[in-house]
Structure formats: C-alpha cells, structure tokens
Amino acid sequence: KLPSKFKKFYAEFESLMDPSRNHRAYRLTVAKLEPPLIPFMPLLIKDMTFTHEGNKTFIDNLVNFEKMENLKHLQSSCKDQECSAWGMRLLQSPVWSSGYGWVVVNATSQSSIIRC
C-alpha cells in the first residue's frame, strides 16, 4: 500500500504532465520558473518534429525562413533554460572547428571562453 503523501505527489505530477491541450499545464509552469532547468526532451522533440514535418523546407525553390526561425527558437529556448542563470551564452566562432563555444561572465565581469 502506497502512503497518501506519495499518492498526492503522484497526482500532482500526473496533472502537471497531462498531455491534453498540448501539455498546457507543463508549459505554463515552466514559463514561470527561473533557469537553469532540465527541459522535458520528449516534448521538445515533438515540437521540433511537428515544426519540421508540418512545414515545407522550400517554397517556390526558396528556403522557408519562417520554418528555420521556428526551429531556431525551439533550440534557443532550450539553451536559454539551461544556461542563463549561470551567466553563460552561446557564441559562434569561425576559428574553432566545431564553431561554438561558451562565454562565461562571472560576478567580476571577466569573461572566459570554453570550447565545446
């Protein structure tokens, strides 16, 4: 028999992760939280899949930049959730082979770059 404390905890979690209305309860809760957060990856992947498959990549032989913008917004929101509270932001650098690095700004306003 499961204690009522854990049943209540499970019921709260179940209502938070309810998939109805496109995970509305979860999305509203996450919007109120301060980073760093660990994003719920299945929902992020679902959003990216629907954005990718629901929109054409090319329209009249031109790149659909609205689709690319939506995908970039999803990726950026994930990075923002993970990094903004740590004072980190993603930089693109032509010098590194991977093209990306983290800039860490500490309390003394000094920056250091971490290659990734």
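Counting of residues starts from 1 at the beginning of each chain's written sequence and follows it residue by residue. Local features are withheld for residues below a pLDDT of 70 in this predicted model, meaning they are given only at 70 or higher, and side-chain atom pairs are given and counted only at 80 or more; totals for whole chains, interfaces and linings count all residues. Hydrogens and waters are ignored; side-chain quantities use all the structure's heavy atoms.

J.: Is there a simple way to explain the overall build of the protein chain in this structure?
T.: Summing up its helical and strand segments, the protein chain has four helices and five strands in all. Taken over 116 residues, the protein chain has a buried fraction of 19%. A sequence separation of at least 24 residues applies to 19% of the contacts in the protein chain between residues at least 6 apart. Each accessible area is a Shrake-Rupley result for a 1.4 Å probe, and residues are judged covered by the shown protein chains and nothing else. On the protein chain, roughly 9300 Å² of surface is accessible, and the fraction owed to carbon and sulfur atoms is 61%. Counting from the N terminus, the helices are the DSSP runs of H or I reaching at least four residues and the strands are the DSSP runs of E reaching at least two. Note on exposure labels: buried denotes an accessible area under 20% of the residue type's maximum, exposed denotes more than 50%, and partly exposed covers the range between, all computed with a 1.4 Å probe on protein chains only. Pairs of residues are marked as contacts when any of their non-hydrogen atoms sit within 4.5 Å.

J.: Whenever I open this one, the nonpolar core confuses me. Can you help?
T.: The nonpolar side chains of a soluble globular protein tend to be buried with one another. Grouped together as the largest cluster of nonpolar side chains are five residues: Met-17, Tyr-26, Val-30, Leu-37 and Leu-43. Aside from chain neighbours lying at most four places away, what touches Met-17 is His-23, Tyr-26 and Phe-40. We call a set of buried Ala, Val, Leu, Ile, Met, Phe, Trp, Tyr and Cys residues a nonpolar core when their side-chain atoms join them within 4.5 Å.

J.: Can you walk me through the pattern of salt bridges in this structure?
T.: A pair can form between side chains of opposite charge whenever their charged atoms are brought close. A pair is scored as a salt bridge if a Lys or Arg side-chain nitrogen falls within 4 Å of a carboxyl oxygen belonging to Asp or Glu. Within this structure, the stated rule accounts for one salt bridge. For the salt bridge of Arg-27 with Asp-47, the shortest nitrogen-to-oxygen distance reads 2.9 Å. Here Asp-47 lies in helix α3 (residues 41–54) and Arg-27 lies in helix α2 (residues 20–32), a separation of 20 residues in the sequence. You can call Arg-27 partly exposed: its relative accessible area is 30%.

J.: Any chance you could explain the packing of α2 against α3 here in plain terms?
T.: The relative placement of two packed helices comes down to the angle between their axes together with the axis-to-axis distance. Here, axes are lines fitted to C-alpha atoms. For helices the fit covers the stretch in contact, and angles between N-to-C directions go from 0 to 180 degrees. Relative orientation of the contacting elements α2 and α3 amounts to 135°, with a least axis distance of 12 Å. With respect to α3, the element α2 is oriented oblique. Crossing of α2 against α3: the hand is left-handed. For the pair formed by α2 and α3, the contact residues are Asn-22, His-23, Tyr-26 and Arg-27 on the first element and Leu-43, Lys-46 and Asp-47 on the second. Only Asp, Glu, Lys and Arg are considered charged in this grouping, and only Ala, Val, Leu, Ile, Met, Phe, Trp, Tyr, Cys and Pro are considered nonpolar; every other residue, Gly among them, is considered polar. Residues of the contact of α2 with α3, tallied by class, amount to two nonpolar, two polar and three charged. Any angle that is under 35 degrees is reported as roughly parallel, and any over 145 degrees as roughly antiparallel; angles of 65 to 115 degrees are reported as roughly perpendicular and all others as oblique. In this scheme the crossing of two helices becomes right-handed for a clockwise turn of the near helix relative to the far one and left-handed for an anticlockwise turn of less than a right angle.

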